[in-house]
Amino acid sequence: MHRRTFLALGVAGAALVAGAAHAADPVRIGFSIAQTGLFAQAAPSQMTAYEMWRDEVNAAGGLDVGSEQRAIEFVWYDDESNPTKAAQIYEKLITDDKVDLLLAPWGTPTHLAVAGTLEKYGFPMVGNTAASVAIRQVAPGNIWFPTSAIPDKIGPALAALARSTGVTKAAIIANVLPFSQENLEYLVPALGAEGIEVVINESYPPDIADMTTLLTAIKDSGADGVIALSYPADSFLYMGQAKEIGVAAPFQFLLVGPTIAAFADAFGPVADNVVTLGHWSPHQAAWGRAKPFYDAYVLSFGMKPDYLDTALAYMSCEILQQAVAKAGLDKDALRATIASETFDTINGPVKFDGVENAITPTAFLQLQGGEMHLIWPADVATAAYKPR
Amino acid sequence: MTMDLIASPQLLFSALVLGAGYALVGLGLNLVYGTMRLLNVGHGDLVMLGAYVAFWCFALTGLPPPLAAPLAAALGVLLAEALHRGLLHRLLGAGAERIEANSLLVFFGLSIIVQNLAALAFTASPRALRTLDDVVHVAGVAMTESRIVILLVALAVCGGVLIGLRATVWGLAIKAVIDNGRAAAVVGVDVPRVRRLALWAGFAIAGLAGALLAMVEQIGPFMGFPYTIAAFVVIILGGLGRLGGGVVAGLLLGFVQVYGVALTAPTFSSMLLYGTFVAVLLLRPQGLARAARIRS
Amino acid sequence: MTPRAGIAAGAALALAGAVPWLVGPYGLTIALNAAMWVALTVSWSILGGTAAYISLGHVAFYGLGAYVVVTSWQVLPLVVAVPLGGLVAGAFALTIGWPVLRVRGPYFVILTLGIAELVKYAVLNVEAALGASSRLLFGVPDNRTLYLATLGLAVLAIIVAALVRRSRLGAGLVAVREDEVTAETIGVPIGRYKVFAFALSAVIPGMVGGLMALRSAYFEPLQVFNPVISFTIVTMAVVGGAADARGPILGALLLVVVSELLWANAPQGYMIALGVLLIGFVVFAPGGITGALARPRP
């Protein structure tokens, strides 16, 4: 093609596109990702949910913004797992990139850090992977937390579950990091209230390299329930060494870790009947969107989703999508809609009361034959509890 | 915690496995530092790459990690050679202090590059593999097969290197270069070749260690940094360039962590590790084995 | 300082002070980063640049300062708490300085790294024992205030570092770098000098840590004691050229600017690009920016 003809065609094409530009403009959605640093291992569980959601919406003709459908385009940056950097990024996304919508960063400290920025600009954002009693201290109005895994609710629920399975003597080991310690604070009195004796209560640092002493003591204590308030790395260590030493307590709980796909890869049947924290399972038939989401995820990424983080991240996208369909992109309308509507998610209906999810109950999962089943509370359970 | 626990052979096994792992990771770093004065803060990233070799071999072909370990070691050799040709020869001309400071930064840069390339290639999602996870009971000690393999291979490699240093020509040459590069050159040692060999060996051992540890750890692009710190703690504690001292220090740290926790409380596990390190260094500024000869 | 240099410095300072009124809120956060790294890197160079004792543990001082401010939040006013954070960091350096500074070369590098890790785990244990699992600070000062305070600390660090370099202390420290044994033989009180410089290089990082805790409004030990902070300080100092007084300032500013450019425009590869840049500097300009400027190319 002659160069001038090509240019002329280009100009004509551009003019045509400009005429229809408004409809073709993508909706720009901004967020930060912990691509590097302390949280980097956890971030893909969130990013994959975002990517899958975007691709699904775009394949279906785009995001319904009330009056029209527009393609989704992501604007994202690495926050280096640094909450301060994340707050800075959200400031940039809002003031500099002028994005239309926001998705959440990964982790409790990061959510709390960006909450201030959202407040400052009155920009609503549905959070996801944050779980701490501290979220209630955040001023409501611009951030919402769909999680039901908040330590002051986990403690009593876990104690009730343990009691229902017949636990009389519990051994607790806890990472010294905040989420574990917060859970410890509410768990110990709750166990007491359920009449369960705490025979061991020890904390350990995040990079503990060996648990032989701890696990030998647990084995010798005659505890029939082991509650490990663990993070992923120490969940791995616990599982491997508990098998070696032969910790045989029928009830064994690990806080964070078993929902990660690699955990099942590492332990297979060894991890069977381990109980963990989580409020979503693809096996709950009442949640019509759950199983299709699970199947599509496995098809896209060749691995299972993280039952906690991926599910939460996807839920936050669903909530945003439904709110935007109703309210459009106007911040005030969006804020009012998120705050008042009930949303249909892969985890069933979600409605916010203040910053918290008022519907989804605090729940627990059990790994049964390689599948994650909800075993508590009874009204969402997908399988009965099995002792190890 | 009771005396029964302290006397339990179960504790001894765990301390040995942990210590042997530290010793192995430290040994590779010590070879590289001792002969070339390179502070390789990317050492743990070689462990990470070795772990990925084991993971992918296992995931794609079912090859168990102990058999993938030689491949991981070979990858280490390749990287060592590439690095030597491309970059290190530019650094090695300077004086020892200059080399130390510059290599710290070069390897910090390399470490960032390798970690992020690994994250781009493999994603940061944690991976794990399950193999050799049966538990064997011998004389009342429960031992997971993978941990037995780690212990035996680590001790064999450490022992082999230490014996080789005394019993082979190349080993003696490496020792001579570690002790005094200039004097070694005077008595006819081909110092550049010996350094290159030591670099190969150091990187190979790190890769091999990673392949072994893949059996018991989560694998991810950012898993290396703790191994880097552990390796430095081990070789500084043992005395820089003192390969035997480093192996002893590695084992010692395994015992300090396992028995220290038994005698105090689990919450002090990490503080015991760094506390021992700091305390020893304050009392003996050149590490356990006096390395006063390290001067060039 | 020549009159011309004095005018340039005055103009630069006036410009830096006017930043909050010249740039938007996002620009201000970058300026705050720059001020923070200049303050940290210049402080580090008080010992690291003169005597070439490379501390990989400065995050301990930063973290201790942050911890003081966080634990005294709403107990002490900030004008007391932040300087107190600096004093605690300085006192800690003074306490450990005497034994620690007997250790040389790579032993010192890794010892300081080990001490910082030890402090991190100690603070984690204390926090767990106190049952203080998540500390959220409300009503922290805005970024403009934090920026001006951090800028003040950066200027203070530059002044202190310059005074040290001109003093007998500075000359003694340079003698330590050239040949510690000889320096001691000719009567330089190297022990006292090193410890004093170490403590001096810890005070401002302690105060900076306190201000940065206010900036993030959330305290988690793993964040504020992250060893990457120490590595970054050393990187900036060496890229700028630690032996020269201007080096740490230039190095910190350059890395902030470069990382901002790469980060915003190449979100996938900026860490890799940063690594390449670092290696390029060490290999092709081993004296850092100032070294390359001072020595004309052959």
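Above this text sits the structure in question.
Figured I'd write up the structure that's included with this text. (Residues numbered from 1 in each chain as written. Chains lettered and ligands numbered in written order. Predicted model: local features only at pLDDT ≥ 70, side-chain atom pairs only at ≥ 80, totals over all residues.)

### Remarks on the overall build of chain C
Secondary structure assignment for chain C yields 13 helices and two strands. Here the C-alpha atoms of chain C give a radius of gyration of 19 Å, agreeing with the 19 Å that 2.2 N^0.38 yields for 298 residues. Evaluated residue by residue, chain C yields a buried proportion of 55% over its 298 residues. The long-range fraction of contacts in chain C, counting pairs at least 24 apart against all pairs at least 6 apart in sequence, stands at 78%. (Helix = DSSP H or I, 4+ residues; strand = E, 2+ residues; numbered from the N terminus. Rg over C-alpha atoms; globule rule 2.2 N^0.38 Å. Buried ≥ 20, exposed ≤ 12 C-beta atoms within 10 Å, placed from the backbone. Contact = placed C-beta atoms within 7 Å.)

### Thoughts on the pairing of strand β1 (residues 27-33) of chain A
Residue and element names in this part refer to chain A. Taking burial as the measure, the seven residues of β1 include five buried ones, the bulk of the element. Relative to strand β4 (residues 72-78), β1 runs parallel, the two sharing seven bridges. Bridge pairing in β4 links G30 to V75. Inspection of the sheet shows β1 paired to strand β5 (residues 101-102) by two bridges, in the parallel sense. (Pairing = 2+ DSSP bridges.)

### Observations regarding the interface of chain B and chain C
Taken together, the contact between chain B and chain C spans 33 residues of the former and 31 residues of the latter. For the side of chain B that touches chain C, the elements supplying multiple residues, two or more each, are α4 (65-91), α5 (96-122), α10 (224-238) and α12 (269-283) of chain B. Looking at which element gives the most residues to the side of chain B that touches chain C, the answer is α5 of chain B, with 14 residues. A breakdown of the residues in the side of chain B that touches chain C according to their chemical character gives 23 nonpolar, seven polar and three charged. (Nonpolar A, V, L, I, M, F, W, Y, C, P; charged D, E, K, R; others polar.)

### Side note on the interface of chain B and chain A
Each side of the interface is counted separately: chain B has 36 residues, and chain A has 34 residues. When contributions to the side of chain B that touches chain A are tallied by element, the ones reaching two or more residues are α2 (9-36), α5, β2 (141-144), α11 (243-263) and α12 of chain B. Looking at the side of chain B that touches chain A, its residues break down into 20 nonpolar, 13 polar and three charged.

### With respect to the nonpolar core
One finds A51 of chain B together with A39 and A197 of chain C to be the most contacted residues of the largest nonpolar core, which totals 364 residues. Counting residues per element, this core draws most heavily on α2 of chain B, which supplies 17 residues. Shared between two domains, this core holds at least three residues of each, these being domain 1 (9-148 + 288-357) and domain 2 (151-277 + 363-376) of chain A. The contact partners of A197 of chain C, leaving out residues within four places of it in the chain, are I46, L47, T50, A51, V164, L169 and L173 of chain C. (Core = buried A, V, L, I, M, F, W, Y, C linked by C-beta atoms within 7 Å. Domains from an automatic or database assignment.)

### Overview of the packing of helix α8 (residues 212-221) of chain A against α2 of chain B
The N-to-C vectors of α8 of chain A and α2 of chain B enclose an angle of 155 degrees; their axes lie 10 Å apart at closest approach. On the basis of their axis angle, the class for α8 of chain A and α2 of chain B is roughly antiparallel. Remark: the crossing between α8 of chain A and α2 of chain B carries right-handed chirality. Contacts from T212, T213 and T216 of chain A in α8 of chain A reach Q10, L11 and S14 of chain B in α2 of chain B. Counted by class, the contact of α8 of chain A with α2 of chain B contains one nonpolar, five polar and no charged residues. (Axes fitted to C-alpha atoms, helices over the stretch in contact; angles between N-to-C directions. Parallel < 35°, antiparallel > 145°, perpendicular 65-115°, else oblique. Left-handed = near helix turned anticlockwise from the far one by under 90°.)

### Considerations on unusual backbone geometry
A cis amide bond links W376 of chain A with the next residue in sequence, P377 of chain A, at an omega value of -5 degrees. Along the chain, the position of P377 of chain A falls in the segment after β17 (371-376). Non-glycine residue R37 of chain B carries a positive phi angle of around 60 degrees. The exposure class assigned to R37 of chain B is buried, which follows from the 25 C-beta atoms found within 10 Å.

### A word on helix α11 (residues 290-301) of chain A
Residues and elements named next belong to chain A. The end-to-end C-alpha distance of α11, which contains 12 residues, comes to 17 Å, matching closely the 16 Å that a straight helix rising 1.5 Å per residue would cover. As for α11, its buried residues are in contact with α3 (43-59) and α12 (309-327). Positive backbone phi, at 70 degrees, marks G302, one or two positions downstream of α11. (Expected span 1.5 Å × (residues − 1).)

### Thoughts on the sheet that holds β4 of chain A
The parallel open sheet is built from three strands, whose spatial order is β4-β1-β5 (chain A). A single partner strand is all that each edge strand has here, and the edge strands are β4 and β5 of chain A.

### With respect to the sheet that holds strand β15 (residues 356-357) of chain A
All names here are of chain A. With antiparallel pairing, three strands are arranged side by side in an open sheet as β13-β14-β15. With partners counted over all chains shown, the strands left at the sheet margins are β13 (342-345) and β15, one partner each. Helix-sheet contacts for α12 involve β13 and β14 (348-353), and the interaxial angle to β13 is about 130 degrees.

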